[in-house]
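# Observations on the model geometry
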Amino acid sequence: MEVKTSLLDNMIGVGDMVLLEPLSEDSFLGNLKKRFDHSEIYTYIGSVVISMNPYRSLPIYTPEKVEEYRNRNFYELSPHIYALADEAYRSLRDQDKDQCILITGESGAGKTEASKLVMSYVAAVCGKGHEVNKVKEQLLQSNPVLEAFGNAKTVRNDNSSRFGKYMDIEFDFKGDPLGGVISNYLLEKSRVVKQPRGERNFHVFYQLLSGASDDTLRKLKLDRDFSKYNYLSLDSAVVSGLDDAANFRTVRNAMQIVGFMEDEVQSVLELVAAVLKLGNIEFKPESRCNGTDESRVKDKNDLKEMCELLGMEQSVLERAFSYRTVEAKMEKVSTTLNVAQAYYARDALAKNLYSRLFSWLVTRINESIQAQTKARHKVMGVLDIYGFEIFENGDNSFEQFIINYCNEKLQQIFIELTLREEQEEYVREGIEWTNIEYFNNAIICDLIENNQNGILAMLDEECLRPGTVTDETFLDKLNTICADHQHFESRLNKNSKFLNDHSLPHNCFRIQHYAGKVLYRVEGFVDKNNDLLYRDLSQAMYKANHSLIKQLFPEGNPAKVNLKRPPTAGFQFRASVGTLMRNLQTKNPNYIRCIKPNDKKASHIFTDSLVRHQVRYLGLMENVRVRRAGYAFRQPYEPCLERYKMLCKRTWPHWKGPAREGVEVLMADLQIPAEEISYGRSKIFIRNPRTLFFLEEKRKQCLQDLATLIQKIYRGWKCRTHFLLMKKSQIVVAAWYRRYAQQKTYRNIKSATTVVQSYTRGWQARKLLRELKYQKRCEEAVTTIAAFWHGTQARLELRRLKQEARNKHAVTVIWAYWQGTKARRELRRLKEEARRKHAVALIWAYWQGLKVRREYRKFFRANAGKKIYDFTIQRIIQKYFLGLKSSMPSMSPIDRKWPARPYGFLDGVHTELRKIFHHWRCKKYRDQFTEEKKAVYEEKLEASEIFKDKKALYPSSVSQPFKGDYLEISKNPKYQKLNSAVDEKVLLADVVNKINRANGKGTPRIFLLTKKNFVLADQKTGQVKASIPLPDVTSMSVSTQKDGFFALKLKEGSASAVKGDFLLSSEHLIEIITKLHRIGATAADREKLKVDISDEFLVQFKQDKVCVKFIQSSPKNGNSVSCKRKNNRLLEVSVPTSP
Ligand SMILES: Nc1ncnc2c1ncn2[C@@H]1O[C@H](COP(=O)(O)OP(=O)(O)OP(=O)(O)O)[C@@H](O)[C@H]1O
Ligand SMILES: [Mg+2]
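This write-up is about the structure you can find in this document. (Residues numbered from 1 in each chain as written. Chains lettered and ligands numbered in written order. Predicted model: local features only at pLDDT ≥ 70, side-chain atom pairs only at ≥ 80, totals over all residues. Heavy atoms only, no water.)

### Some remarks on the overall build of the protein chain
- Summing up its helical and strand segments, the protein chain has 32 helices and 31 strands in all.
- For 1139 residues, the compact-globule estimate of 2.2 N^0.38 gives 32 Å, and the protein chain exceeds it by more than 25% at 70 Å.
- Overall, the protein chain is about 200 × 115 × 85 Å in size when its C-alpha atoms are taken along their principal axes.
- Going through the 1139 residues of the protein chain one by one, you find that 46% of them count as buried.
- Of the contacts made within the protein chain by residues no fewer than 6 positions apart, 64% connect residues no fewer than 24 positions apart.
- With the model as given, the accessible surface of the protein chain reaches about 62100 Å², and the carbon-plus-sulfur share is 54%.
- Computed over 184 positive and 137 negative side-chain charges, the inter-centroid distance for the protein chain is 22 Å. (Helix = DSSP H or I, 4+ residues; strand = E, 2+ residues; numbered from the N terminus. Rg over C-alpha atoms; globule rule 2.2 N^0.38 Å. Buried < 20%, exposed > 50% of the residue type's maximum accessible area, 1.4 Å probe, protein only. Contact = heavy atoms within 4.5 Å. Areas by Shrake-Rupley, 256 points an atom, 1.4 Å probe, with all protein chains shown as cover. Lys, Arg positive; Asp, Glu negative; His and termini not counted. Charge placed at Lys NZ, Arg CZ, Asp CG, Glu CD.)

What follows is the structure, encoded as structure tokens:
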């Protein structure tokens, strides 16, 4: 088993206390001292690192050292904090386990330094790249900022952390940092206003005054002289080895890197300056007339400057220092503050202002360093909390109580996770084990934090209780409640043990912490726990015209006045410590136990008693014992087999059986000695880390081989794939190229062929053209010759014909002239003769007239004119009648001709004569009628009365004569039986359609009408189906349209009406209805039958009344009338409209 053994090589003392022989407290201290003297400040107890503060810088944190420890196993090299950091980082990265690094030790033991070393190591070994480096830089640079504001020089430590800090660094799956989250715990804010002798206020005040430029100080209205500020203690204002001015520049630079804006930095500095100014405000008493004391601000210059800095109204702040308003429910009571109260208010404001500024800084840093991605991440938490603290002269107050409580809790978690859990695990797993005794400090934790009777609960109860509450009443309470607790000591305890203990003053109580007894002075406990800031002050602050101040005092917003008491400082701290502990328990712990070698902050001094005390209370001896008796490494069987199965052929690649057997086979195969391993119920325990390193080494080698194998196969696969791809590509390229070449050749041949072809075709075409042209010329020549020949012939003929025509024309013209001359002569003669005859007649008429006038002149006296007129009229009328007689129209009554009237004055006579003549010829026409014809015409007349302009069918029926017996029933032997069944004369016999009441379909029936009844009979057989006496028919209904539908409605209650009314259709509808109407009209015993003409009428079918509705349909749907039963109540008849 070849393992690098640097841990053991050249070892000073023993690097791992587990190997210490013999193990005793002295040998333990001796080993620590020996190593410390040789500058070996780190020693292991198994995986726990003990770190001794060297109080000088050692050359063991160089980049070379980082490289040396990088990726090396924990025990491979000499003990170092880097080994622990590397182990934690690799477990986080490779095994996906969240880590936490718990650094404990008393104040000045080197916790903060250790935490920075861990962070810088992780930053050095994790991934690189622009973004990653920025994150790393921001994470690291958050330290100087927080240290400036949260650290101070104390008697124990020149850079003592006065707040607790837990920082979660977040990594991605590759182990690159993504960001971080810082949690802070209770800043010791009392330090702002008062520092113990030999201690300083927080660094930032001194840094600002020493390091800021004159210009900055002028803007902040500050003076470089520390002595000008009441809040700065002067006795240790300058600390040797601490360059405040340089540190100020570092802090400003760090703020910039972390991402603070310039105006944010300015606001922060303004607040720091304001705190300094606040400390300088002094008050003087002033008596009021009512005898009460009041305070007034002494010198208002500082107040003014502070108000200017924060953009506040001076009067507002001044009033807040002089009055206190108490609000209860609806009431507000203002009381004046005396000088002491005013100072109290001032200090409370300063403390609050500073501590809130500090919390804001943490939040602001968190905003900058928070991880930008939401991806799942792994976390490494680094806890650097204020160390256990005891002031020798009993000056321990609330802050020390809180700090020590926190350390108790950390010790508890250490005990839980290393001592108790480890031992319990051995028992649980059935490993042979002898129990090791250790002190469990759970009982002390319980004394402080128990919800019912713990000291913190008592304090809260006292703070919230009505009535007078003082620190003394609180102590009284403790004395009664905690009297019997073995770790609580008090002079006034019921327990008489301490009555005479003069080391225990009356105003104190003592707790036996795991790290020693601590005497707490109760003074200020109640006040500090209450942590009250008068509402007037917070409201005054909220009014400031300063964005940061406004943010820090949200409760001062008058719109959000909350009368509830804020939770006490103790309560808040207990809650946040509880959260922290729960958080730590979910992570894999790594311990750094810091030990302070001396109280003088000096290098090379190893104070035996001091170290012994720390070794004792830290329980380091117990730790070694448990470790020595136990096993260095344990792991459940499944992950163990999974991790190492490649080391054995039988377990690789798959083990079929139970995991434990697999592990056993594996270990046997690797020839691990039996004493090195124990098999628990669910885990394997490996005693020596070397065995584990051996396994890891083997695994690493095997992984390399496997990687080579995978690489080989992958490369082979990749080359093959590449080759196949190339081959495929080559075929494709070749195919494309061949295609291209063939296409090119083809195109060449094709174009050559086309050229040759075109030449040949051209030659052939030209040859053909030549032949055709020759042929055409020949044809044209022949045609021309023929044309010339025909032309010559035609011209000769034309010339002959023209000659002939000229000759004929000459004859005709001569003849015509001759005829013309003859005709004109004759005309002249006839005209002469007519003129002569006319003249003779005229002369004769004149002569006659003359004669008549001479003869009748004697009669022409008074009434000659009238007579002539009457004669003339008579003559005219005579002529009119004679003319009329000769032009009389025909005797047809429908002849509309009549001669035109000759004279206007005969207009009346002419019309009258026309009428007389028409009546006369009608009379003549009627006289010719026989009785039968007359009856027929009467019927026609009646039909016109009933139907004219009412039914569209009527006009077409006018020209059809009413035949009556269409079936010639008496002659037809087929209907003989039927004829005999009817005893009356048949007036009408026809085939009609009887409309089926159920579906609207028609059935042919013979319809016989006599004077008394009508009969419906089967068309084929002549069998009588129904015989209805006409008196039972009440009315008839027909539509307005061209259809032949008619309903015969029967008298209700009559025997015929049992089956209901008849709906029939006939081509001779007009005749049937007219005949029925006539019979009704002539019968004396009954009323006339009514004929309803409407497109909607009701028909009684058995019990139901059905509406028969006629609608017009387009002729497209067929030219015949159709009838359909639509529903129970509607029968629809669609009649095509005539085109
Ligand atoms: N590894 C180290 N190398 C050199 N000097 C160290 C080392 N560790 C601590 N110191 C010195 O000890 C001083 C105190 O250490 P540090 O501030 O870490 O103590 P702490 O345990 O954090 O105390 P507190 O609880 O008061 O904050 C440091 O200022 C430094 O001078
Ligand atoms: Mg510290």
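### Notes on the packing of aromatic side chains
- Overall, the coordinates contain 39 aromatic pairs when judged by the stated rule.
- Their ring planes at 80° and their centres at 6.0 Å tell us that Phe1014 and Phe1062 sit as a pair that is edge-to-face. One end of the pair, Phe1014, is in strand E22 (residues 1013-1018); the other, Phe1062, is in strand E26 (residues 1062-1065), and 48 residues separate them in sequence. Of the two residues, Phe1014 and Phe1062, both sit in the buried class.
- Grouped by ring-pair contacts, the aromatic residues Phe398, Phe401, Phe474, Phe488, Phe509, Tyr520 and Phe525 constitute a single cluster.
- The ring of Tyr206 carries Arg200 above its face, with NZ or CZ at 3.9 Å from the centroid.
- Over the ring of Phe414 we find Arg593, and its NZ or CZ is 3.7 Å from the ring centre. (Phe/Tyr/Trp six-rings, centres within 6.5 Å; stacked < 30°, edge-to-face > 60°. Lys NZ or Arg CZ within 6 Å of the ring centre and 35° of its normal.)

### Comments concerning the coordination of the magnesium ion (ligand 2)
- Listed as protein donors to the magnesium ion (ligand 2) are Thr112 (OG1) and Ser161 (OG); their distances from the metal cover 1.9 to 2.1 Å. Residue Thr112 is found in helix H4 (residues 111-125), and its partner Ser161 is found in strand E5 (residues 160-161); the two are separated by 49 residues along the sequence. (Donors = N, O, S within 2.8 Å, 3.2 Å for Na, K, Ca; no water.)

### Structural notes on the environment of Thr1010
- Inspection of the secondary structure puts Thr1010 in the loop between strand E21 (1002-1009) and E22.
- As for Thr1010 and Ser39, which are separated by 971 residues in sequence, their C-alpha atoms are 152 Å apart.
- One polar contact links Thr1010 to Asn1013, side chain to side chain, over a distance of 2.7 Å. (Polar contact = N/O pair within 3.5 Å; in protein donor to acceptor, adjacent residues only side chain to side chain.)

### Some details on the pattern of salt bridges
- As enumerated under the stated definition, the model contains 66 salt bridges in all.
- Among the salt bridges present, the one from Glu833 reaches Lys837, with a minimum N-O distance of 4.0 Å. Linking Glu833 with Lys837, this pair stays in helix H26 (residues 689-856), spanning four residues, or about one helical turn.
- Here the residues in one salt-bridge network are Glu25, Asp26, Asp608, Arg612 and Arg616, joined through shared partners. (Salt bridge = Lys/Arg side-chain N within 4 Å of Asp/Glu carboxyl O.)

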